[in-house]
Number of protein chains: 2
Amino acid sequence: MREESDTAMATKNAFYAQSGGVSAVINASACGVIETARRNPEAFGAVLAGRNGIIGALTEDLIDTSKEPDADIAALRHTPSGAFGSCRYKLKSPEQNRREYERLIQVFQAHDIGYFFYNGGGDSADTCLKVSQLSEKVGVPIQAIHVPKTVDNDLPVTDNCPGFGSVAKYIAVSTREASFDVRSMAKTSTKVFVLEVMGRHAGWIAAAGGLASDTTTPIPIVILFPEVTFDKDRFLAKVDSLVRDHDYCSVVVSEGVRDVAGAFLADQGLKDAFGHAQLGGVAPVVANIVREGLGLKYHWAVADYLQRSARHIASKTDVEQAYAMGRAAVELALAGKNSVMPTIVRRSSQPYEWEVGSVALSEVANVEKMMPAEFISEDGFGITEACREYLAPLIQGEDYPPYSGGLPQYVTLKNEAVEKKLPKFEL
Amino acid sequence: MREESDTAMATKNAFYAQSGGVSAVINASACGVIETARRNPEAFGAVLAGRNGIIGALTEDLIDTSKEPDADIAALRHTPSGAFGSCRYKLKSPEQNRREYERLIQVFQAHDIGYFFYNGGGDSADTCLKVSQLSEKVGVPIQAIHVPKTVDNDLPVTDNCPGFGSVAKYIAVSTREASFDVRSMAKTSTKVFVLEVMGRHAGWIAAAGGLASDTTTPIPIVILFPEVTFDKDRFLAKVDSLVRDHDYCSVVVSEGVRDVAGAFLADQGLKDAFGHAQLGGVAPVVANIVREGLGLKYHWAVADYLQRSARHIASKTDVEQAYAMGRAAVELALAGKNSVMPTIVRRSSQPYEWEVGSVALSEVANVEKMMPAEFISEDGFGITEACREYLAPLIQGEDYPPYSGGLPQYVTLKNEAVEKKLPKFEL
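Predicted, not measured: the structure shown is a model, and the values here were computed from it.

1. Details of the overall build of chain A
- Along its length, chain A carries 13 helices and 13 strands.
- Here the C-alpha radius of gyration of chain A, 23 Å, is about what a compact globule of 427 residues would show, namely 22 Å.
- Principal-axis analysis of the C-alpha atoms places the extent of chain A at approximately 80 × 50 × 45 Å.
- Counting only residues that meet the buried cut, chain A has 64% of its 427 residues in that class.
- Partitioning the contacts of chain A with sequence separation of at least 6, the portion at a separation of at least 24 is 77%.
- A total accessible area of about 15,500 Å² is found for chain A, and carbon and sulfur atoms account for 48% of it.
- Positive and negative side-chain charges of chain A, numbering 43 and 54 respectively, have mean locations separated by a distance of 3 Å.

2. Focus: unusual backbone geometry
- With omega at 0°, the peptide bond leading from Q350(A) into P351(A) counts as cis.
- Note on placement: P351(A) falls in the loop between β10 (340–348) and β11 (353–360).
- Positioned with a positive phi, S339(B) is a non-glycine residue whose angle comes to about 60°.
- For S339(B), the location among the structural elements is in the loop between α12 (316–334) and β10 (340–348).

3. Some thoughts on the interface of chain B and chain A
- Across the contact, 83 residues belong to chain B and 83 residues belong to chain A.
- Between chain B and chain A the total buried area reaches about 6,700 Å² when both faces are included, carbon and sulfur atoms providing 57% of it.
- Along the contact surface separating chain B from chain A lie 2 salt bridges.
- Note that D181(B) is salt-bridged to R308(A), the shortest N-O span being 2.7 Å.

4. What about the relation of the copies chain B and chain A?
- When chain B is fitted to chain A, the best match, at an RMSD of 0.0 Å, comes from turning it 180° and sliding it 0.0 Å along the axis. Look at the turn and shift together and you get a two-fold axis relating the two. Relative to the rotation axis, the closest C-alpha in chain B is found at V302(B), a distance of 2.4 Å.
- Mapped onto chain A, 100% of the interface residues of chain B again fall at the interface, so both copies present the same surface.

5. Focus on the pattern of salt bridges
- Going through the model one piece at a time under the given rule, you end up with 38 salt bridges over all chains.
- Salt-bridge contacts for R51(A) lead to D61(A); the nearest nitrogen and oxygen are separated by 3.0 Å. Here the residue R51(A) occupies a position in the loop between β2 (44–50) and α3 (54–58), and D61(A) occupies one in the loop between α3 and β3 (62–64), the gap between them amounting to 10 residues.
- Each of the salt bridges in this network shares a partner with another, and the network as a whole consists of D64(B), K67(B) and E416(B).

6. A few points about the packing of helix α9 (residues 232–246) of chain B against helix α10 (residues 282–294) of chain B
Residue and element names in this part refer to chain B.
- At a minimum axis distance of 10 Å, the contact between α9 and α10 shows a crossing angle of 75°. One way to sum up the angle between α9 and α10 is to call them roughly perpendicular. Of the residues in α10, those touching α9 at K232, F235, L236, V239 and D240 are V286, I289, V290, G293 and L294.
- Residue composition of the contact of α9 with α10, by class: 7 nonpolar, 1 polar and 2 charged.

7. Remarks on the pairing of β10(A)
Residue and element names in this part refer to chain A.
- When you tally the buried positions in β10, you get 7 out of 9 residues, the bulk of the element.
- When β10 meets β11, the two strands line up antiparallel, connected through 8 bridges. Opposite V340, over in β11, you have A360 as the bridge partner.
- Linking two consecutive strands that pair antiparallel, namely β10 and β11, is a turn of 4 residues.

8. Here we look at the packing of aromatic side chains
- With the rule as written, the count across this model stands at 31 aromatic pairs over all chains.
- Look at F375(B) and Y390(B): their rings are 5.8 Å apart centre to centre, the planes differ by 35°, and that puts the pair in the tilted class. Note that F375(B) is positioned in the loop between β11 (353–360) and α13 (385–391) and Y390(B) in helix α13, a separation of 15 residues in sequence.
- Exposure remark for F375(B): the relative accessible area of 10% places this residue in the buried category.
- Positioned above the aromatic ring of W204(A), the side-chain terminus of K369(A) is 5.5 Å from the ring centre.
- Above the face of the F264(B) ring, R258(B) is positioned so that its terminal group lies 4.0 Å from the ring centre.

9. Some details on helix α7 (residues 164–185) of chain B
- When the terminal C-alpha atoms of α7(B) are compared, their 31 Å separation across 22 residues agrees well with the 32 Å that a helix rising 1.5 Å per residue should span.
- For α7(B), a buried count of 21 out of 22 residues is recorded, marking the element as mostly surrounded by other parts of the structure.

10. A closer look at the environment of A392(A)
Residue and element names in this part refer to chain A.
- Assignment of secondary structure puts A392 in the loop between α13 (385–391) and β12 (403–404).
- A relative accessible area of 24% places A392 in the partly exposed class.
- Sequence-wise, A392 and Y352 are 40 residues apart; in three dimensions their C-alpha atoms are separated by 9.1 Å.

About the thresholds
Residues numbered from 1 in each chain as written. Chains lettered and ligands numbered in written order. Predicted model: local features only at pLDDT ≥ 70, side-chain atom pairs only at ≥ 80, totals over all residues. Heavy atoms only, no water. Helix = DSSP H or I, 4+ residues; strand = E, 2+ residues; numbered from the N terminus. Rg over C-alpha atoms; globule rule 2.2 N^0.38 Å. Buried < 20%, exposed > 50% of the residue type's maximum accessible area, 1.4 Å probe, protein only. Contact = heavy atoms within 4.5 Å. Areas by Shrake-Rupley, 256 points an atom, 1.4 Å probe, with all protein chains shown as cover. Lys, Arg positive; Asp, Glu negative; His and termini not counted. Charge placed at Lys NZ, Arg CZ, Asp CG, Glu CD. Buried area = accessible area lost by both parts, 1.4 Å probe. Salt bridge = Lys/Arg side-chain N within 4 Å of Asp/Glu carboxyl O. Least-squares fit on C-alpha atoms with pLDDT ≥ 70 in both. Axes fitted to C-alpha atoms, helices over the stretch in contact; angles between N-to-C directions. Parallel < 35°, antiparallel > 145°, perpendicular 65-115°, else oblique. Nonpolar A, V, L, I, M, F, W, Y, C, P; charged D, E, K, R; others polar. Pairing = 2+ DSSP bridges. Phe/Tyr/Trp six-rings, centres within 6.5 Å; stacked < 30°, edge-to-face > 60°. Lys NZ or Arg CZ within 6 Å of the ring centre and 35° of its normal. Expected span 1.5 Å × (residues − 1).

Here is the structure:
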């Protein structure tokens, strides 16, 4: 029989922060982290969250999540966006800005923090790695674990990134619904519907629009990927051909589409009647090209934040994976791991089977996962069967939030501040 | 005991058509019409639908809905858009264009049609009235019943118009979700989110954005109504004040907002770098005003067709009322009524209690229901309690469609054509 002292761990507080653009399910990961930490009080004291992401750590603006009742933490699972606030703030390298990294270590020491859970994309994986390296160097043990999150789906190794599946579902559902609308109106009115979606560098989200069409519900869809240089003539020929055959078509265009000169199609140098520059989206530009080139009536929509905050139509698969990543991060910490990220490992696509794995942060940081060329159809306007096989499982299942009075009941936490112990720090 | 011959009605076919912009629930009304007609075979033969609305009647392009299995007709209840096609085609007055009205009567006679169910807004109510008047005049008995539908909610007498409640729910839910997103990002990034919604003449849909905020989930929201002349300085002062107090705010702007000169704010005379006119939305215009006036970072979205086709988040109340209006139209016909429209009669707001009524078409045609002034808050940027009391019941309840593989399973009917009997007719 083992002595208790053999297995006893020193109880340490944990730090958790949300980074970059938020998603419909990043709070599900937060829920996974906090609930799992609460179930392991022998190892974890309080989970202290950074208010507005890593800025909260730098400015010692910490939120004591132990003040939140279990029910409110559970409600994070169905609440979109970042419950503790996020930020767009990239730490420079320790060589360029050692001051910030040292401050992080100081704050962690001052608040007895032994675990650093950082929930974000590629940049935050890199920050996480550097915190781990510095903590080792200065002899302050901090287990740094990255929790994957990005609607852009561009993290390597993991099958997909939590957040993406729900955006993909929103875009697929919305494209199907709006296409039914256009089809109804096509005889005398709108024949082309253009939907602008996110994804400045990679066409993962645009590709999801292709899921709207399948064998039981065929829909003529043109996808404009950032990976494919926009060719106006070929685009117009494609739209013309689809409208001739089906009376209508839908166009799903990525915000990142570029012309042959490499310029964003959205950047048309628009000026209003007074000569003021105007920032438009790419959807009206594409719609205008259709009008001028083919004389067809169109409608266009820009989904913007609606697509990444649409918890009401989140993918059940995505919610489960987001939660699993949060839980796995804490379990990796419990197992003594450092400088790692939990991953989703796909075992099978049909039926979709996945399990939790992990990867060293050194293999994740600064690696961007692009769409494979074989996911885009030969004409550049659609997705292939291989792409469909990859994407389809990620939008499976519905996970509706609770409603009251017709509206989803999302939680807003108390977010009580932890008392500060250190001098002020200027960002 | 009454002789059967006393109660026997002559069995006649019914004509049904969808008119104008479609909605998430217009097919629920179609379902109500067809299912109720099928339950009363003593009175109703086939329901013949106009392909692409009234154009189908004029061109004798009729769809035999009796070829569709019961399960597919039932599926219309959860399928958005117009299953038989709609059209934007306004008949002129019989004085100006007697030819079209006479053609309608001829087609109805040729296909033994004794009932005319027309599912649309104000224009179609007017057409319905005129068909009824002409049929009487020429001695061809046609019972003309209008089935109310319009996302704009501008039909008089009825408590609300089927289609509106689901748009209202979509806008309320989306505004709440996107606002949570902006709130998360506000520390270092986006502080103002602008959502453009439909409603060129009346602010009903924009008002629904106000429901996103309530006592349990307060959200700083500015609503820009078409009823309120846009005043840039007052708008900027309002946004500035909200952002100072809450760090962020959301703006819900109606496409119909006008400046002091009466011009649409959306119509900024945009030209691209080549001098080509570009049609933008009002959301980017408002966002640009925020950027230039306050220097705040923003995001903007244009919901367009997504808002009116979003059956996935339809209001249960709206679906039930849409179906009830279709059913009631047939029941009114059974009761021998002519030239009427079923209505929704509100008995109580809290709890919401309603019943089906009816109104003569002469009281509906050419009357537009505007937002009452007392529904807009004194500063012109929000909704009053009276407005909330009116709107809140309309978004109550969820009525999710069935899903397969992560996507809603919407039905596409066979839409088999009825054999033509008349000479061709040129529109």
